[in-house]
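What follows is the residue order along each chain.
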Amino acid sequence: MSTENISQSQPLTNDQVQNNAGGFSWAVDDMQRLRRFLCLGSEGGTYYQGEKELGVENAQAILKLIADGRGSEVVETIKTYSIEGRTSKQNPIMFALALCAKSTDSLTKRAAYSSLSEICRIPTHLFMFIKYAHALGQNWGRAQRRAVSNWYIEQNPSKLAMAITKYQNREGYSHRDILRLAHPSTKDPLLCFLFDYITHGFKQANENLNKPKGSTNGNNNNNTEDITEKDQQQQEQKQQKENLNDEDDETNNKKLVTIEQLKDFLETVEKVKISTNEDELITAIRQHHLVREHMPTNMLNSKSIWSVLLEKMPLTAMIRNLGKMSEINLLTENSEAEKRVVERLKNREQLQRARIHPFNVLVALETYKQGKGFKGKLQWQVSEQIKNALEEAFYLSFKFVKSTNQRYLLGLDVSGSMSCGTINGSPSITPAVGSCAMCMVTHRIEPYAKVVAFSDHLIPVDFSKTAKL
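From a predicted model like this one, the values you see are computed outputs, not experimental measurements.

## A few points about the packing of aromatic side chains
Any pair of aromatic rings gets described here by the distance separating the centres and the angle formed by the planes.
Then step 1. Evaluation of the coordinates by the stated rule reveals eight aromatic pairs.
Then step 2. Taken together, a centroid distance of 6.3 Å and an interplanar angle of 85° make the contact between Tyr113 and Phe129 edge-to-face. On the criterion of sequence distance, the pair formed by Tyr113 in helix H5 (residues 106-114) and Phe129 in helix H7 (residues 123-135) is long-range, its members being 16 residues apart.
Then step 3. Looking at Phe129, the relative accessible area reads 0%, which means it is buried.
Then step 4. Ring geometry for Tyr152 versus Phe195: centroids 6.3 Å apart, planes at 80°, classification edge-to-face. Of the two residues, Tyr152 sits in helix H8 (residues 142-153) while Phe195 sits in helix H11 (residues 189-200), which places them 43 residues apart along the sequence.
Then step 5. For Phe195, a relative accessible area of 1% gives the class buried.

Given below as C-alpha cells:
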C-alpha cells in the first residue's frame with residue numbers, strides 16, 4: 001500500500017469501490033450487508049443515504065442471496081441473530097424473515113416458516129412478522145396459515161394465557177384477528193378454552209364449557225376439564241424448554257394445569273381491567289404474577305402498585321420504566337426499590353438471560369440521565385446510583401467480548417457529521433455517542449489499545465480504562 005497522501009476521493013487499492021459519501025472503501029458482500037441490516041436496520045437512514053433508499057438496498061441484497069441459492073443460509077443467520085439476542089430491535093429480523101417466507105424459492109419459504117416459532121417468541125414478534133408479510137403484497141397462503149396456527153397450538157397454555165393478556169394487540173392486529181385467519185385446531189382443552197376466550201370473550205367462553213363439544217375453538221364439555229398426569233409432565237417439560245428462549249424468563253409465571261385454574265386467571269385479568277381498588281390490584285399481582293400491561297391506565301400513578309410490580313418485573317420492562325418509577329418517587333435515594341434496581345442492573349447473568357442488548361442499555365442510560373423523556377411530559381429526579389448502575393450494565397451486557405491481546409489503534413471520528421442524525425432510530429444516541437461507547441468497550445478489555453480522534457488531522461486521546469461515558 002502506498003505511503004503517499006492520497007485523497008479520499010481516490011482509491012488506495014484496485015479492489016476498493018466508491019461509497020455513498022463519494023470516497024472509496026472496500027466492498028461489502030451481500031451476507032455482510034444482511035448481518036449489518038439485522039443489527040442496525042435502516043431506520044433513520046445514514047448521513048449520506050435516506051431510510052427508504054437504504055432499506056431497498058438491504059432488501060435487494062437478501063433477494064440476491066436467495067436467488068443465488070443461499071436462502072436457507074439467510075434464514076439460519078436470521079434465527080441465530082434472533083435467538084442469541086444480537087439485535088437491539090426486532091423489526092429488521094421480522095422483515096427479513098417475512099421476505100424469505102414470501103420468496104418464490106420453496107426451500108427458503110419452508111425454512112422461514114419452520115423457524116417462525118423459534119424467532120417469534122412473543123405475540124409482538126408474530127404480529128410484526130404478519131404485518132411485514134402482508135405489506136409484501138401476498139395474501140395468507142396455506143404455508144403461512146399452518147405456521148401461524150402451529151405458533152398457537154405448540155404453546156404451553158400457561159405461557160400463552162400470560163402472552164395473550166399481556167400483548168393483546170400490536171402492529172394493528174389482535175389475537176382475535178389472527179385466529180380468524182389461521183384457524184388453529186387442537187384437542188388440548190386448555191388451549192381450546194383460550195381460543196374461545198380470545199374470539200368470544202370470557203363470559204361466552206365460560207358458558208360454552210357446558211355445551212356439547214362442537215369444535216376445537218373452545219367449546220368443550222366438562223369431561224375434559226382436567227388433564228392427565230402425563231399431559232401435565234409434558235407441559236412442564238415444554239415450559240422449561242421454552243423458557244430458555246423467553247425474554248421474560250425471569251418472571252415466574254404461575255402454572256395453569258386445569259380449566260378451573262385457567263378460568264380463575266382469566267377472570268382475575270378481566271376484573272383487574274376495570275378495578276380502582278389498590279389493595280385488590282396488589283393481591284391480583286401477587287397471586288397471578290400480573291404485569292404492568294394488565295393494570296388499568298388510571299392506576300399506574302400508584303407508588304404501591306409499582307412497588308409490587310417491581311418485585312417480579314422482567315428486566316427489560318424494568319429498564320424501560322425507570323423514568324416512570326422515578327417520577328412517582330419510588331426510586332428515592334437509599335430506598336429498597338432503588339437498591340433492588342441497582343442490584344439487578346449489576347447482575348451479569350440476569351442481563352444475559354433476558355437478552356438485554358448493549359444498545360438498549362445505552363439508550364436507557366442516555367435517556368435516564370436527561371431527567372426527562374424525549375416524548376411526552378415525563379420528568380424525574382435522576383438517581384446517581386441508578387445512572388452509574390446503567391453504565392455498568394452497558395459493559396456487562398457485552399456477552400461475547402473477550403480480549404485478543406493484539407495491538408489496536410482506535411480512531412474516533414469527531415467531524416461535524418457525527419453529531420447529526422441518530423443510530424437505529426433512537427433520538428438519544430448520535431453517531432458520536434455510539435462510536436465513543438463502542439470505543440470504550442474495546443479500550444477497557446484490550447491491554448494494548450490506543451485512541452486517537454480525527455477530523456482533518458489526528459489528535460491523541462488519553463483516558464483511563466476506568467473512564468465513564
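## Notes on helix H1 (residues 30-40)
For the α-helix, the turn length of 3.6 residues means that residues three or four positions removed from each other point alike.
Then step 1. Restricting attention to buried positions, one finds in H1 the residues Met31, Leu34, Phe37 and Leu38. Projection of H1 onto a plane perpendicular to its axis shows the buried side chains occupying an angular sector of 120°, all on one side.
Then step 2. Its side-chain oxygen 3.2 Å from the backbone nitrogen of Met31, Asp29 forms the N-cap of H1.
Then step 3. Two residues or fewer after H1 comes Gly41, characterised by a positive phi angle close to 65°.

## Observations concerning unusual backbone geometry
Then step 1. Even without a glycine there, the phi angle at His183 is positive, about 55°.
Then step 2. Mapped onto the secondary structure, His183 falls in the loop between helix H10 (175-182) and H11.
Then step 3. Residue classification places His183 among the exposed residues on the basis of a relative accessible area of 53%.
Then step 4. Unlike most non-glycine residues, His289 shows phi in positive territory, near 55°.
Then step 5. Looking at the secondary structure, you find His289 in the loop between helix H15 (278-288) and helix H16 (303-311).

## Brief notes about the environment of Ala284
Then step 1. For Ala284, the location among the structural elements is in helix H15.
Then step 2. Note: C-alpha distance between Ala284 and Thr268 (16 residues apart in sequence) is 6.9 Å.
Then step 3. Ignoring sequence-local partners within four residues, the contact set of Ala284 consists of Thr268, Val272, His289 and Leu290.

## Here we look at the pairing of strand E7 (residues 458-461)
Then step 1. Inspection of the sheet shows strand E6 (residues 448-454) paired to E7 by four bridges, in the antiparallel sense. Bridge pairing in E7 places Val452 opposite Pro460.
Then step 2. Hairpin geometry of E6 and E7 is characterised by an intervening segment of three residues between the two adjacent antiparallel strands.

## Side note on the confidence of the model for the chain
Then step 1. The predicted model of the chain has a mean per-residue pLDDT of 84, with 84% of residues at 70 or higher.
Then step 2. The low-confidence segment residues 215-228 (pLDDT under 50) makes 41 contacts with residues lying over four places distant or belonging to another chain.
Then step 3. For residues 247-251, every residue scores under 50 in pLDDT, and the model assigns this stretch 19 contacts once sequence neighbours within four places are set aside.

Definitions and cut-offs
Residues numbered from 1 in each chain as written. Predicted model: local features only at pLDDT ≥ 70, side-chain atom pairs only at ≥ 80, totals over all residues. Heavy atoms only, no water. Phe/Tyr/Trp six-rings, centres within 6.5 Å; stacked < 30°, edge-to-face > 60°. Helix = DSSP H or I, 4+ residues; strand = E, 2+ residues; numbered from the N terminus. Buried < 20%, exposed > 50% of the residue type's maximum accessible area, 1.4 Å probe, protein only. Arc of directions from axis to C-beta. Polar contact = N/O pair within 3.5 Å; in protein donor to acceptor, adjacent residues only side chain to side chain. Contact = heavy atoms within 4.5 Å. Pairing = 2+ DSSP bridges. pLDDT = per-residue confidence, 0-100.

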